[in-house]
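Listed below are the residues making up each chain.
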Amino acid sequence: MRLDNKVAIVTGAASGIGKEIAALFAREGAKVVIADLNQRGADAVAAELGGAKRAIGVGVDVTSEAQTEACVAKTIEAFGQVDILISNAGIQTVAPIDQFEFGKWKQLISIHLDGAFLTTRAALREMYKHGKGGCIIYMGSVHSKEASVLKAPYVTAKHGLIGLAKVVAKEGAAHGVRANVICPGFVRTPLVDKQIPEQAKELGISEQEVIKNVMLKETVDSEFTTVDDVAQTALFLAAFPSNALTGQSIVVSHGWFMQ
Ligand code: NAD
């Protein structure tokens with residue numbers, strides 16, 4: 001088991017990519033905190049993963065300073081330490097810039113960037129305190145490297161996460177903390193399923209055309225990335241045995257974006 005005796009907090013783990021990472025990490029021996037705005041969903045995932053000795057659900061809004069700190073405190077209370085943080089909670093909102101509502105811009109930026117900062121700060125304090133190092137992984141996107149129409153705040157936030165990861169890699173090094181970003185292509189989760197009809201409407205094309213000509217057009221095999229593809233990459237990063245792999249961003253996108 002590659003994560004024996006490790007404790008991982010996964011934000012946004014009641015659904016989609018985060019849920020799969022939590023499940024894989026639990027199978028690899030980690031104790032997992034399912035941290036999500038959706039408390040009921042988080043509790044359900046924790047129960048599926050074996051209940052209180054293996055996984056706990058914590059209701060948390062990652063944009064709240066008090067709630068992110070309380071989430072880390074609950075982790076310490078339940079499992080005694082934090083070794084891995086997967087900063088994954090996110091949303092998507094699509095609209096052209098000239099029509100983008102400021103409130104929706106701020107909401108997206110806050111969940112992705114304030115959320116990443118607040119969870120990082122709270123987890124880092126514990127990692128520094130217990131002195132055994134740690135690993136922070138941010139859920140970026142191909143949109144950390146590449147732009148698409150209709151996604152101004154998302155592309156902005158996902159690019160920003162690479163900057164944050166590089167600073168954490170530099171500051172955390174003295175404490176044995178590594179930080180990296182995973183950049184997936186399109187993955188069929190509720191976040192993407194919601195976008196397909198929205199993009200079809202905005203672009204004036206069918207839903208099938210959104211999938212074929214927008215989402216998968218640049219891939220090498222016209223395939224979606226899977227939650228397992230992303231979870232395996234997170235495991236590779238989390239279990240990596242040295243500080244050599246830090247400050248990096250890894251694209252997992254069926255060749256949509258090549259570095
Ligand atoms: P999802 O909608 O299935 O899951 C997102 C989870 O985040 C939900 O459980 C939701 O309750 C939670 N969440 C939302 N706002 C929150 C908040 N303020 N505090 C705490 N939790 C909150 O989406 P997903 O596709 O699994 O996305 C997960 C991450 O992966 C996001 O950061 C997303 O941008 C990124 N990503 C997704 C894709 C994709 O194609 N699905 C591609 C690249 C990157």
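Reading the values: rules and limits
Residues numbered from 1 in each chain as written. Predicted model: local features only at pLDDT ≥ 70, side-chain atom pairs only at ≥ 80, totals over all residues. Heavy atoms only, no water. Helix = DSSP H or I, 4+ residues; strand = E, 2+ residues; numbered from the N terminus. Rg over C-alpha atoms; globule rule 2.2 N^0.38 Å. Buried < 20%, exposed > 50% of the residue type's maximum accessible area, 1.4 Å probe, protein only. Lys, Arg positive; Asp, Glu negative; His and termini not counted. Charge placed at Lys NZ, Arg CZ, Asp CG, Glu CD. Contact = heavy atoms within 4.5 Å. Polar contact = N/O pair within 3.5 Å; in protein donor to acceptor, adjacent residues only side chain to side chain. Disulfide = S-S within 2.5 Å. Domains from an automatic or database assignment. Buried area = accessible area lost by both parts, 1.4 Å probe. Nonpolar A, V, L, I, M, F, W, Y, C, P; charged D, E, K, R; others polar. Pairing = 2+ DSSP bridges. Axes fitted to C-alpha atoms, helices over the stretch in contact; angles between N-to-C directions.

Draft legend 1. The arrangement of the overall build of the protein chain in detail. Per the secondary structure count, the protein chain includes eight helices and seven strands. A globule of 259 residues ought to have a C-alpha radius of gyration of about 18 Å, and the protein chain, at 18 Å, matches this closely. Over its C-alpha atoms, taken along the principal directions, the protein chain stretches across nearly 55 × 35 × 30 Å. The burial tally for the protein chain puts 53% of its 259 residues in the buried class. Charge separation in the protein chain, taken as the distance between the mean sites of 26 positive and 27 negative side-chain charges, equals 5 Å.

Draft legend 2. How the structure looks around the environment of Gln259. Tracing the chain through its elements places Gln259 in the segment after strand E7 (249-252). As for Gln259 and Ser249, which are separated by ten residues in sequence, their C-alpha atoms are 9.9 Å apart. In contact with Gln259, not counting residues within four places along its chain, are Lys145, Ser249 and Val251. A polar side-chain atom of Gln259 sits 3.3 Å from a polar atom in the side chain of Lys145.

Draft legend 3. Structural view of the state of the cysteines. In this structure the tally under the stated criterion is zero disulfides. Distance from the sulfur of Cys71, which forms no disulfide, to the nearest cysteine sulfur (Cys135) is 17 Å. When its relative accessible area of 2% is taken as the criterion, Cys135 is described as buried.

Draft legend 4. View of the domain arrangement of the protein chain. Per the domain assignment, the segments of the protein chain are domain 1 (7-184 + 226-252) and domain 2 (188-224). One C-alpha centre belongs to domain 1, the other to domain 2; they are set 25 Å apart. Taken together, the 14 residues of domain 1 in the interface contact ten residues of domain 2. Taken together, the two surfaces of domain 1 and domain 2 that pack against each other cover about 840 Å², and 63% of this comes from carbon and sulfur. For domain 1, the biggest contributors to the area lost against domain 2 are Gln92, Val94 and Leu150; these three give 48% of the whole. Taken together, the links from domain 1 to domain 2 amount to two residue pairs in polar contact (both at pLDDT 80 or more). Among the residues making up the side of domain 1 that touches domain 2, the classes are represented as eight nonpolar, five polar and one charged.

Draft legend 5. Quick peek at the sheet that holds strand E6 (residues 177-184). If you walk across this open sheet you meet the seven strands as E3-E2-E1-E4-E5-E6-E7, and the pairing is parallel. A single partner strand is all that each edge strand has here, and the edge strands are strand E3 (55-59) and E7. Shown here is a sheet whose adjacent strand axes are inclined to one another by a mean of 20°, direction ignored. The sheet strands contacting helix H2 (residues 39-48) are strand E2 (31-36) and E3, and the helix crosses E3 at an angle near 180°.

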